[in-house]
Amino acid sequence: MIASLLPILILLPLLGFVVNGTIALTRKGADGEAPSTARHPLVTLVGPGVIIAAFALAAALFMRIRMGLPAPAVVSLGQWMPAGNLVVDWSFQLDQLSMVMVLVITGVGSLIHLFSIGYMRDDAGYARYFAYLNLFVAFMLVLVLGGSYPVMFVGWEGVGLASYLLIGFWFGEKANADAGKKAFVVNRVGDFGFLVAMFLIWTTTQTLDFIGAHAALAGMAGTPVVLAIALFLFVGCAGKSAQLPLYIWLPDAMAGPTPVSALIHAATMVTAGVYLVARAAPVFAGAPEASLVVTSIGALTALFAATIALRQWDIKKVLAYSTVSQLGYMFIGVGAGAYTAGVFHLVTHAFFKALLFLGAGSVIHAMHHAYHHTHRHDDPQDLRNMGGLAKFMPATATAMTLATLAIAGIPPLAGFFSKDEILASVFSRTHGSPLAAASLLGVPGTTVLYAVYGIGMLTALLTAMYMTRMLLLAFYGANRTGEAEREALHEAPAIMTAPVLVLSLLTVAGGWLNLPSLIPIGRTGLLEHWLEPVTGASAKLLAGTTHLDHSTEVVLVAVATGVAVLGIVIALVLFRKPIADKAHSPAEMGLLARAYGVDALVDAIIVRPVQALAAVVLDRGVDRGVDRGFTAGGSLLTRTASLVGARLQDGDVGKYAWLLAAGALALIAAITLS
Amino acid sequence: MITEALIVSAILFVIGVVGVLTRRNAIILFMCAELMLNAVNLSFVAFAKLHNVTGQVFVVMVMTIAAAEAAVGLAIIISIFRHFGTVDLSKLRGLHG
Amino acid sequence: MTGFFDFQFYVFALLAIVSALLFVTRKNPVPAALWLVNVMFALAGLYVMLDAPFVGAIQVLVYAGAIMVVFVFVVMLLNLGKNELTDLRSLGAWLGAGLMGIALLANLLVAQRHRLPRIASAPAGTNVVEAVAASLFTDYLVAFELTSIVLLVAVVGAVLLAKKRVQA
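It should be emphasised that the depicted structure is a prediction, and the values quoted were computed from it without experimental measurement.

**Brief notes about the overall build of chain A**
- Looking only at helices and strands, chain A has 25 helices and four strands in total.
- With the principal axes as the frame, chain A shows a C-alpha extent of 110 × 70 × 50 Å.
- When the 674 residues of chain A are sorted by exposure, 51% land in the buried category.
- Taking contacts inside chain A between residues at least 6 apart in sequence as the whole, the part at least 24 apart equals 80%.

Written as structure tokens, this is what we have:
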């Protein structure tokens, strides 16, 4: 029964895509352009409508599963690739883990769709926007509901495509189109890893569906093959979830509309990598070295991105680097075998990061209107042009403040519980777990885990700092926008503030999803129990014989809270001063503001050599050489042949006699030589 | 003797071919063709000595036809000469494609 | 006896070949025609030596006596002066033709060798002319009749083609 409803879940947003897409393609304005698609009522109804319907269905499925799900519900929609002894079906499965993801995707997705109605109201590509957004949700659902690696890969690639379409939504500006391309190309590098992992899984287990493959691989724990599979899967995760060194696309992806950043690059698509690690938990649990790699890279990424965020002036870039950093936290969690903690942080992060992005969207919306009012062309996203916006947008300001406190890790908000659980898990596994026993490039696992914990703490400090900085610069203090603009600054319309408020409620209450036993203010460990059938065994495997006694836990919690408060205080002190930095172009910026110059480095080391190579090999070699060689050669051949042929028949009888004699000679020679 | 005759026949034939390839005067070309026919006749006679008399019968046929061909061919050459004023084949290019 | 016979054979053969070579290389068509006549006489001798007296006689009567005469008539009729006579092609053409000729000759000789058993000449016992007549008028009667029609057609055609157009 459950299984038969799964296709409907995916078909709903797909239907939305078709309807909105048709409207986008067919409705044209008087002058042939597409302006009249804006605010089309059917789009407004269908776009968010299908996602809300999907959420309702997901909620119903959740209630059903709550009553008990002994085994994952699997449905197969027919054969896809029968090739020899490889048979791949269109199989989908629903278990506790995918249920969580589905609820987040459809729930947060609905809120963002509603927000978009207000945000994209005056955009000419209104219908196209909702078409792409629905397409994205459809593919994301395929990703999390996929029952085998290939089906998941379809969703994986599909969300990459939707991301490209949405990042480059305003493709009239070359920079936006370039950002979309960059995202797609960097993702491709990751996808290569995913594909290699799939090939390895196939050759090792002769099956590609999750249930079968994981059962087989769990039995092979500790072998080099499993290690290889895990590492290649992580390459795919690094690409999709913006970890070092494949994170470079995410800051550029802010070129897309802000709700897109909220949905795709905060709440859902970028978390696909975390979902994959949790889904492939048997594989990662069977390869402790790979898990160490995952957790280390997560830690390094978290720190790296946090340092950059400290010096960004664009409000969306701050949030982008923050996302990269928080994703690092999630990988710290799932890398250490604390799958529940990682998924928990995924959910809470979805709440407060979506909230932050939507709030930023409201702010940008207001700033845009203000500048429009006075016809100035300053950057509405630059924090240096904001300030004191709490006076003009109280609701948004309150929500953003709540979200900042949450992400910093102040109890009892959501971020505190999830972040704390991750770090506590890492700390507890430093002794007595397979992770501690393993070693990474010669460094013993225990040292690695301690380092990860330390980095995690440092990053928490930095997180509190840069988020407070952002809050201060945008909402508090004196307003720097300008006298004339100030009168045009106002709160966002209800359709935009309502989702923001709902998300702030979730941010406050989200911690209740998985309260630790230390703080039993409600039912503890809800999420842990929920995910037990899926990830429990793997988590136990990596936890080994670790145990965190009560007093250590209290100390850890206290330290974490202290660090968060310290960060906020430092920020309040440091960033109260008036702003001296007027830099706008990379040449004027300092190292952190330029994000360590990584983009320039990649451009110099990878992009330019490839372009030069292409100019030589593909342009001169293939295009001019081979292609034109073939066409010019072909024509040359024909011309020569025709010249020869023409000369053979010019009426010169002597020539005919020659040919006759030659032919006769050939015939006789054939006879004598045979 | 028969082999010698055949060798002579081959040589004469080849001389005829060389003549056809190198001469431009239509009448001489025609005469080279006659030479080739004669060479073949010699072959036939040689083989007639080897097998039965049919070879000689065939030679008679060939000669008759050669006569007819010579008559008609020379009439054509006369026509050409009247029309074009020359029998130089390199100047007669009406047969081009 | 055989020695003299062979010698005679080689004389006729040589005569034929030399005359042919001379024929091919003459610029003036009249001497060329006469050399060709010489070739035919030599061939007639060869025919007789190959036990084909009838054919030899016909060769002299028809070929040398009628056909070549027609050729000479036409040459005279067309009155090709000396300035028309530089019709030999270039040296390159001669060389090319020569090569072609040698190649052809080589092939022909090789072709002959394969299939020809060396046998002695048969004794001249039977009456060859009688045998030819018998074969011609019985086995090949149809061919014989057809050739006469061909001759008729040729005569008519030749007259028609060579007729002067009557200017009105």
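After presenting the structure, the write-up continues.
**Overview of the overall build of chain C**
- Secondary structure summary: chain C contains six helices and zero strands in total.
- Each helix and strand of chain C, ordered N terminal to C terminal, gives the series α-α-α-α-α-α.
- A burial count over chain C gives 29% of its 168 residues as buried.

**Re the interface of chain B and chain A**
- On the side of chain A, nine residues touch chain B, which itself brings 12 residues to the contact.
- Taken together, the residues that form the side of chain B that touches chain A break down as six nonpolar, four polar and two charged.

**Focus on unusual backbone geometry**
Residues and elements named next belong to chain A.
- Residues Leu-244 and Pro-245 are joined by a peptide bond in cis, for which omega reads -10 degrees.
- Locating Pro-245 in the fold gives a position in the loop between α8 (224–240) and α9 (249–252).
- Of note, the amide linkage connecting Pro-411 to Pro-412 takes the cis form, showing an omega dihedral of -10 degrees.
- Counting through the fold element by element, Pro-412 comes out in the loop between α16 (394–408) and α17 (414–428).
- If you check the backbone angles, Ala-242 has positive phi at about 55 degrees while not being a glycine.
- Structurally, Ala-242 is set in the loop between α8 and α9.
- Residue class for Ala-242 comes out buried when judged on the 31 C-beta atoms lying within 10 Å of it.

**Describing the interface of chain B and chain C**
- Taken together, the contact pairs 57 residues of chain B with 67 residues of chain C.
- Among the secondary structure elements, those contributing two or more residues to the side of chain B that touches chain C are α1 (2–22), α2 (26–50) and α3 (54–84) of chain B.
- Counting residues per element, the side of chain B that touches chain C draws most heavily on α3 of chain B, which supplies 22 residues.
- Residues of the side of chain B that touches chain C, tallied by class, amount to 42 nonpolar, nine polar and six charged.

**A word on the environment of Val-151 of chain A**
Residues and elements named next belong to chain A.
- Position of Val-151 among the secondary structure elements: in helix α5 (residues 149–167).
- A count of 25 C-beta atoms within 10 Å places Val-151 in the buried class.
- With 63 residues separating them in the primary sequence, Val-151 and Val-88 have C-alpha atoms 8.6 Å apart.
- Setting aside its immediate chain neighbours within four residues, Val-151 contacts Trp-90, Ser-91, Phe-92, Val-142 and Gly-146.

**Comments concerning the pairing of strand β2 (residues 86–94) of chain A**
Residue and element names in this part refer to chain A.
- Bridge count between strand β1 (residues 73–83) and β2: eight bridges; the pairing is antiparallel. Bridge pairing links Met-81 to Val-88 in β2.
- What sits between β1 and β2 in their antiparallel hairpin is a turn of two residues, with Gly-84 showing a positive phi close to 70 degrees.

**Here's the deal with the nonpolar core**
- Formed by 225 residues in total, the largest nonpolar core has its most connected members in Phe-136, Leu-141, Leu-233 and Ala-354 of chain A.
- For this core, the leading source of residues is helix α15 (residues 339–374) of chain A, giving 21 residues.
- Among residues more than four places away in sequence, those in contact with Ala-354 of chain A are Val-108, Ile-112, Ala-262, Ala-266, Ala-267 and Leu-503 of chain A.
- In terms of nonpolar packing, the next biggest core, distinct from the first, is built from 85 residues, Phe-13, Met-31 and Leu-74 of chain B together with Tyr-63 of chain C among them.

**Digging into the confidence of the model for chain C**
Residues and elements named next belong to chain C.
- Per-residue pLDDT for chain C has a mean of 82; in total, 82% of the residues score no lower than 70.
- The secondary structure element of chain C with the lowest average pLDDT is helix α4 (residues 91–115), at 76, and the one with the highest is helix α2 (residues 29–49), at 93.
- In the model output, the complex is listed with pTM 0.71 alongside ipTM 0.89.

**Observations regarding the confidence of the model for chain A**
- Averaged over every residue, the pLDDT of chain A is 85; residues scoring 70 or more account for 96%.
- Helix α20 (residues 483–486) of chain A is the least confidently modelled element of chain A, averaging 71 in pLDDT, while α5 of chain A averages 93, the highest of any element.

**Details of the packing of α17 of chain A against helix α19 (residues 445–475) of chain A**
Residue and element names in this part refer to chain A.
- Direction vectors running N to C along α17 and α19 enclose 155 degrees, while the axes themselves pass 9 Å from each other. Taken together, α17 and α19 sit at an angle that is classed as roughly antiparallel. Judged by the sense of rotation from one axis to the other, the crossing of α17 with α19 is left-handed. Seen from α17, the contacting residues are Lys-419, Leu-423, Val-426 and Phe-427; seen from α19, they are Leu-449, Val-452, Tyr-453, Gly-456, Met-457 and Ala-460.
- Residues of the contact of α17 with α19, tallied by class, amount to eight nonpolar, one polar and one charged.

Cut-offs and rules
Residues numbered from 1 in each chain as written. Chains lettered and ligands numbered in written order. Predicted model: local features only at pLDDT ≥ 70, side-chain atom pairs only at ≥ 80, totals over all residues. Helix = DSSP H or I, 4+ residues; strand = E, 2+ residues; numbered from the N terminus. Buried ≥ 20, exposed ≤ 12 C-beta atoms within 10 Å, placed from the backbone. Contact = placed C-beta atoms within 7 Å. Nonpolar A, V, L, I, M, F, W, Y, C, P; charged D, E, K, R; others polar. Pairing = 2+ DSSP bridges. Core = buried A, V, L, I, M, F, W, Y, C linked by C-beta atoms within 7 Å. pLDDT = per-residue confidence, 0-100. Axes fitted to C-alpha atoms, helices over the stretch in contact; angles between N-to-C directions. Parallel < 35°, antiparallel > 145°, perpendicular 65-115°, else oblique. Left-handed = near helix turned anticlockwise from the far one by under 90°.

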